[in-house]
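Examination of the molecular architecture
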Amino acid sequence: MNKYDILNHLAKGDDYVSGEALSQAFGVSRQSIWKHVNALIGEGYQIESVRRKGYKLIASESLSKNSVAQLLNQTTLFESAQYHDQIDSTNSYAKRNADDLTTAIIVSAEQSAGRGRLGRTWHSSAGTGLYFSLLLRPDIAPHLASMLTQLAALAMRRAIERTHQLKTQIKWPNDIYYNDKKLSGILTEMATEMNAVEYVVVGVGVNLKQLSFEPEIADIATSIAAHSDCNLSRMALLKAFIVAFEGLYNTFLEGQNLAFVSSELNEHSYVVGKNIWLIDGQKRQAALAKAINEMGELVVEQEGEERKLYYGEVSVRLNERNCSV
Ligand code: BTN
């Protein structure tokens, strides 16, 4: 047992827990509980301690150590939830610490080395975006792990609509678009052992408050602030995401396919029904995006033939000129 077990215990309730109850729950002395609580306070957690009542994690609405720990109130999927003021990348952190964590939500207010797909950088300055990763241990075959990316995209789409009233679209398989510009991206990474998944890290970045972007992405990026009159809240968005994701994830694990969200994925797709370019390194080919099937593949028509694209095989760009070369 360590101090974080006490933190998680406090986070899961919203009332005082007595030192006695904690000492019984963990089989250690009340003195030892008090020491651990003090260590947590030293780390920046706000814990109230009242004589005869016990300890309570103070509720907080904004993104903080306390509010992230209290996400555990909303979910049974994750064993721990951590907030950092700054780390290199929440995905890298989750992978580095995978041996010490079972399932976790890792959030950082700022990333010094945020990563995107294809080795790109994800600009992650303090306070402007939401940056987090989920460490998951699904009992699935490795080739199904990419479906988690699409579930995360759906969960974020739902969360953005619920909290900030924007109806976004999913650019298969891992980006969220609004008004033809990218609002959010997802980077899924996996470790396998033999032919089983050891863990999957799903990292999500959302542009929330940015009103201007770095020159290299200025033409293609947008943010929630640019389109929503709602109060911007990273915490509200994260909470709505976790609730949506947990429901989707549990249903997915039962059926191990995306049939249950097929209509939602197709209805809110940014590419289905459009002419696209399939980009593979220097090569690009014209195709018509027809549908996303129940395995999460993008079904396209190319020179009269139907082809199914697996996640990561090619990247997709709209072909608005309708050209074939
Ligand atoms: C992409 O669009 O290429 C994916 C971007 C993913 C960014 C998120 S931010 C949180 C997590 N940590 C990272 O380093 N990357 C992901």
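Residues numbered from 1 in each chain as written. Predicted model: local features only at pLDDT ≥ 70, side-chain atom pairs only at ≥ 80, totals over all residues. Heavy atoms only, no water.

Remarks on a positive patch on the surface
- Residues R120, R284, R317 and R321 make up a contiguous surface patch of positive charge.
- Note on placement: R284 falls in strand β11 (residues 283-292).
- Residue classification places R284 among the partly exposed positions, given a relative accessible area of 43%. (Patch = residues over 30% accessible without salt bridge, like charges linked within 9 Å, V, L, I, M, F, W, Y side chains within 5 Å. Areas by Shrake-Rupley, 256 points an atom, 1.4 Å probe, with all protein chains shown as cover. Salt bridge = Lys/Arg side-chain N within 4 Å of Asp/Glu carboxyl O. Lys, Arg positive; Asp, Glu negative; His and termini not counted. Charge placed at Lys NZ, Arg CZ, Asp CG, Glu CD. Helix = DSSP H or I, 4+ residues; strand = E, 2+ residues; numbered from the N terminus. Buried < 20%, exposed > 50% of the residue type's maximum accessible area, 1.4 Å probe, protein only.)

Overview of the pairing of strand β2 (residues 54-57)
- Where strand β1 (residues 47-50) lies against β2, four bridges are found, and the strand directions are antiparallel. Bridge pairing in β2 places S49 opposite Y55.
- What sits between the antiparallel neighbours β1 and β2 is a turn of three residues, in which R52 has the positive phi angle 70°. (Pairing = 2+ DSSP bridges.)

Here's the deal with the packing of helix α1 (residues 3-12) against helix α2 (residues 19-26)
- It is the contact of α1 with α2, at a shortest axis distance of 11 Å, that shows an interaxial angle of 125°. Put simply, α1 runs oblique to α2. The handedness of the crossing between α1 and α2 is right-handed. Of the residues in α2, those in contact with D5, I6, H9 and L10 of α1 are L22, A25 and F26.
- Residue classes in the contact of α1 with α2 are distributed as five nonpolar, one polar and one charged. (Axes fitted to C-alpha atoms, helices over the stretch in contact; angles between N-to-C directions. Parallel < 35°, antiparallel > 145°, perpendicular 65-115°, else oblique. Left-handed = near helix turned anticlockwise from the far one by under 90°. Contact = heavy atoms within 4.5 Å. Nonpolar A, V, L, I, M, F, W, Y, C, P; charged D, E, K, R; others polar.)

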